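The primary structure of each chain is shown beneath.
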Amino acid sequence: METKTITLKQIAEQIDHHQTSGTDMDKVTIQSPELSVKDAYEIQQLWEQCAIKRGDQKIGWKMGLTSVAKQRSVGVNEPIYGRLTNSMEVTSNTLSLKGLIHPRVEPEIAFVMKEELKGEQLTARDVWKATEFIMPAVEVIDSRYKNFSFTLIDVVADNASSSRFFLSDQAFSPFQSSLDKLEVIMYRNGEKVQSGFGSAVLGHPVKSVIELAKMLHQVGLSIQPGMVILTGGITEAVNVFDGDELKVTFDSFGEINFDVKKEKED
Ligand code: 0L1
Ligand code: MG
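Reading the values: the criteria
- Residues numbered from 1 in each chain as written.
- Chains lettered and ligands numbered in written order.
- Predicted model: local features only at pLDDT ≥ 70, side-chain atom pairs only at ≥ 80, totals over all residues.
- Heavy atoms only, no water.
- Salt bridge = Lys/Arg side-chain N within 4 Å of Asp/Glu carboxyl O.
- Near = heavy atom within 4 Å.
- Polar contact = N/O pair within 3.5 Å; in protein donor to acceptor, adjacent residues only side chain to side chain.
- Areas by Shrake-Rupley, 256 points an atom, 1.4 Å probe, with all protein chains shown as cover.
- Donors = N, O, S within 2.8 Å, 3.2 Å for Na, K, Ca; no water.
- Helix = DSSP H or I, 4+ residues; strand = E, 2+ residues; numbered from the N terminus.
- Buried < 20%, exposed > 50% of the residue type's maximum accessible area, 1.4 Å probe, protein only.
- Expected span 1.5 Å × (residues − 1).
- Contact = heavy atoms within 4.5 Å.
- Phe/Tyr/Trp six-rings, centres within 6.5 Å; stacked < 30°, edge-to-face > 60°.
- Lys NZ or Arg CZ within 6 Å of the ring centre and 35° of its normal.
- Core = buried A, V, L, I, M, F, W, Y, C linked by side-chain atoms within 4.5 Å.
- Pairing = 2+ DSSP bridges.
- Axes fitted to C-alpha atoms, helices over the stretch in contact; angles between N-to-C directions.

Colleague: Describe in detail the pattern of salt bridges, supporting the description with residues and values.
Modeller: Inspection of every chain in the model, using the stated rule, returns eleven salt bridges. Here Asp259 and Lys261 are joined by a salt bridge, their closest N and O atoms 3.7 Å apart. Within this structure, Glu48, Lys58 and Arg83 form a network of salt bridges that share partners.

See below:
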């Protein structure tokens, strides 16, 4: 048991190294084929400890593989979750490529919680009651694995490809519109590259929050007040490169704009 814990911690440290240095790595299942999904989530938890030791703060959760298309691409039929820390949030309008390997971006809806959300059988009503507000968001995913190629166990261990995220400047009440009918369009350098509706996220983004609470409950965790939750990609993710200009429109919820630069301009 002791040996296995050390091994998982070492894997978490390896992943942390590749995340912070922006260098790709072999899949962890190549060196450790015996890993289970449970081990992979434990690696995530150990990775979180590495990040906190570096001075990061945990600020939320992300849900991944929330569309049928993405689940098929990894050969699973359920979503996964990952952990968000404050250093992942981009608060300017520039995505620096420093520390990134092969980033892709996808539009999402973020929930910000005001109450703890805990349990295996929650309803949409429970989620709305515990929600402070929602925000348009763009997630930057960046697998640490060579060629963005992985199994379920690899991607869970790699914190569900979490890398960076943008939240809009404006928060909204979730009660005035139907998030499943929200149309999102993504433009890269003026060209429409993706579009979709909120229903792409498990039928409705609120279901993603219910599912997250359920998955966390199974391992004795809950969603704490103040946490941000990225509920999952509304469209396919698109690759971004130095010099790209991104605009993502979220119907009446406004838009998020940013450009992509090799080095951060401070
Ligand atoms: O946020 C996501 O849906 C990504 C989950 C991990 C799979 C990927 O990196 O495409
Ligand atoms: Mg995502």
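Colleague: How would you summarise the site of ligand 1 if you had to cite specific residues and measurements?
Modeller: Lining the immediate surroundings of ligand 1 are Lys62, Gly64, Leu65, Lys70, Glu106, Glu139, Ile141, Phe148, Phe150, Val155, Ala160 and Ser161. Glu106 is positioned with one of its side-chain polar atoms (N or O) 2.9 Å from an oxygen atom of ligand 1. Ser161 has a polar side-chain atom sitting 2.7 Å from an oxygen atom of ligand 1. Protein chains shield 95% of the accessible area of ligand 1, which is 300 Å² for the free molecule.

Colleague: Residue-level account of the coordination of the magnesium ion (ligand 2), with values.
Modeller: Summarising the metal site, the magnesium ion (ligand 2) is bound by the protein donors Glu106 (OE), Glu108 (OE) and Glu139 (OE), whose distances to it range over 1.9 to 2.0 Å. One chain supplies every donor to the magnesium ion (ligand 2), and in sequence these donors are spaced E-x1-E-x30-E. With Glu106 in strand S4 (residues 104-113) and Glu139 in strand S5 (residues 131-141), this residue pair connects regions lying 33 residues apart in the sequence. Take Glu106: its relative accessible area is 2%, and that puts it in the buried class. A relative accessible area of 1% places Glu139 in the buried class.

Colleague: Just give me the short version of helix H7 (residues 205-217), but keep the residues and values in it.
Modeller: With 13 residues, H7 ought to run about 18 Å at 1.5 Å a step, and its terminal C-alpha atoms sit 19 Å apart, in line with that. Those residues of H7 that fall on the buried side of the exposure criterion are Pro205, Val206, Ser208, Val209, Ile210, Leu212, Ala213, Met215 and Leu216. On its buried side, H7 packs onto helix H3 (37-53), strand S1 (58-64), strand S2 (80-85), S4, helix H5 (124-130) and strand S9 (228-230).

Colleague: Quick rundown of the packing of aromatic side chains? Include the residues and the values.
Modeller: Applying the stated criterion across every chain, the model contains seven aromatic pairs. Relative to Phe150, the ring of Phe148 lies with its centre 6.3 Å away and its plane at 50°, an arrangement referred to as tilted. For Phe148, a relative accessible area of 12% puts it in the buried group. Ring pairing ties together the aromatic residues Tyr41, Trp61 and Tyr81, which thus form one cluster. Stacked on the ring of Phe148, the Lys or Arg Arg104 has its end atom at 3.7 Å from the ring centre. Directly above the aromatic system of Tyr187 lies the positively charged group of Lys247, at a separation of 5.2 Å from the ring centroid.

Colleague: Describe H3, listing the residues and the values that go with them.
Modeller: Taking 1.5 Å of rise per residue, 17 residues should cover 24 Å, and H3 covers 25 Å from first to last C-alpha, within 8% of that figure. Buried residues of H3: Asp39, Ala40, Tyr41, Ile43, Gln44, Leu46, Trp47, Glu48, Cys50 and Ala51, and no others. Just downstream of H3, Gly55 is the residue with a positive phi angle, here 110°.

Colleague: How would you summarise unusual backbone geometry if you had to cite specific residues and measurements?
Modeller: The residue Asn147 is not glycine, and still its phi comes out positive at about 60°. Among the secondary structure elements, Asn147 is positioned in the loop between S5 and helix H6 (152-157). Notably, Ser161 is not glycine yet its phi reads approximately 60°, a positive angle. Mapping Ser161 onto the fold places it in the loop between H6 and strand S6 (162-167). Take Ser161: its relative accessible area is 5%, and that puts it in the buried class.

Colleague: Just give me the short version of the environment of Asp169, but keep the residues and values in it.
Modeller: As for its placement among the helices and strands, Asp169 is situated in the loop between S6 and strand S7 (183-188). For the pair formed by Asp169 and Met135, sequence separation is 34 residues and the distance between their alpha carbons is 8.1 Å.

Colleague: Kindly report on the nonpolar core, identifying the contributing residues and their values.
Modeller: Ranked by size, the top nonpolar core spans 80 residues in total, and within it Leu95, Val105, Phe111, Ile223 and Phe258 carry the most contacts. No other element matches the seven residues that H7 contributes to this core. Beyond its immediate stretch of four places on either side in the chain, Leu95 contacts Val90, Leu100, Val140, Arg164, Phe166, Val240, Phe258, Asp259, Val260 and Lys261.

Colleague: An account of the sheet that holds S7 is needed here, citing residue identities and associated values.
Modeller: Spatially, the five strands line up as an open sheet ordered S3-S12-S11-S7-S8, and their pairing is mixed. Of all the strands in the sheet, the pair left with one neighbour each is strand S3 (94-96) and strand S8 (191-197). Neighbour-to-neighbour, the strand axes of the sheet open up by a mean angle of 20°, direction not taken into account. As paired elements, S7 and strand S11 (residues 245-250) share five bridges and run antiparallel to each other. Bridge pairing links Val184 to Phe250 in S11.

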